[in-house]
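Chain and residue survey
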Amino acid sequence: MIQPDKIIKSVHLTEKSNVQSSEMGQYTFQVFKTASKGSIKAAVEKTFDVSVARVNVINQIGKPSRNRKTGKTSAGAGFKKAIVTLKQGDIIDFTA
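As a starting point, this report considers the structure included with it.

Conventions used here
Residues numbered from 1 in each chain as written. Predicted model: local features only at pLDDT ≥ 70, side-chain atom pairs only at ≥ 80, totals over all residues. Heavy atoms only, no water. Core = buried A, V, L, I, M, F, W, Y, C linked by side-chain atoms within 4.5 Å. Buried < 20%, exposed > 50% of the residue type's maximum accessible area, 1.4 Å probe, protein only. Helix = DSSP H or I, 4+ residues; strand = E, 2+ residues; numbered from the N terminus. Contact = heavy atoms within 4.5 Å. Pairing = 2+ DSSP bridges. Axes fitted to C-alpha atoms, helices over the stretch in contact; angles between N-to-C directions. Phe/Tyr/Trp six-rings, centres within 6.5 Å; stacked < 30°, edge-to-face > 60°.

So, about the nonpolar core. Most often, soluble globular proteins have nonpolar side chains that are buried together. If you look at the biggest cluster of nonpolar residues, it comprises 16 residues, and the most contacted ones within it are Phe-29, Ile-40, Val-44, Val-84, Leu-86 and Ile-92. Those elements that provide at least two residues to this core are strand E2 (26-31), helix H2 (37-48), strand E3 (52-60) and strand E6 (79-86). Those residues in contact with Ile-92 that lie beyond four places of it in its chain are Tyr-27, Phe-29, Val-44, Phe-48, Val-50 and Leu-86.

So this is what it looks like as structure tokens:
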């Protein structure tokens, strides 16, 4: 049994993701690092009651920051981002 709350962290909203969702039917989510494409697809279909055509996954690497005492440290932890393409005619309404 898949638990969508253990796979999808949040919706990743940027200017680019808003254009993709309105024009191409692609939605961007931040997911846990252990999530696979199949589990992301199942979680989105179960949570939003839509049909998923394709899932693309990107591992974002955190940026290093400088510290004058210790040199370089890892400031940003990085995250995994999933771009989900829905089948023609399906939409996800986040206002409800």
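We are not done yet, so read on.
This next bit is on the sheet that holds E6. Spatial ordering of the open sheet is given by E1-E2-E6-E3, a layout of four strands whose pairing is antiparallel. The two strands at the open ends of the sheet, each matched to only one other strand, are strand E1 (8-11) and E3. Adjacent strand axes in the sheet meet at a mean angle of 30° when their direction is disregarded. Examined bridge by bridge, E2 and E6 share six bridges and lie antiparallel to one another. What sits directly across from Gln-30, in E6, is Lys-81.

When you tally the buried positions in E2, you get five out of six residues, the bulk of the element. Pairing of E1 with E2, which is carried by three bridges, proceeds in the antiparallel orientation. From the neighbouring strand, Ile-8 faces E2, where its bridge partner is Val-31.

This brings us to the packing of aromatic side chains. In the structure shown here, the tally under the stated rule is three aromatic pairs. Seen in terms of ring centroids, Tyr-27 and Phe-94 are 6.0 Å apart; in terms of plane orientation they differ by 75°. Their pairing is edge-to-face. Note that Tyr-27 is positioned in strand E2 and Phe-94 in the segment after E6, a separation of 67 residues in sequence. Using a relative accessible area of 8% as the deciding quantity, one classes Tyr-27 as buried. A ring pair is formed by Phe-29 and Phe-48, whose centres lie 5.8 Å apart and whose planes are at 25°; its orientation type is stacked. Here Phe-29 is found in strand E2, whereas its partner Phe-48 is found in helix H2, with 19 residues between them in sequence. Classification of Phe-29 by relative accessible area gives buried; the value is 1%. With relative accessibility at 27%, the residue Phe-48 sits in the partly exposed group.

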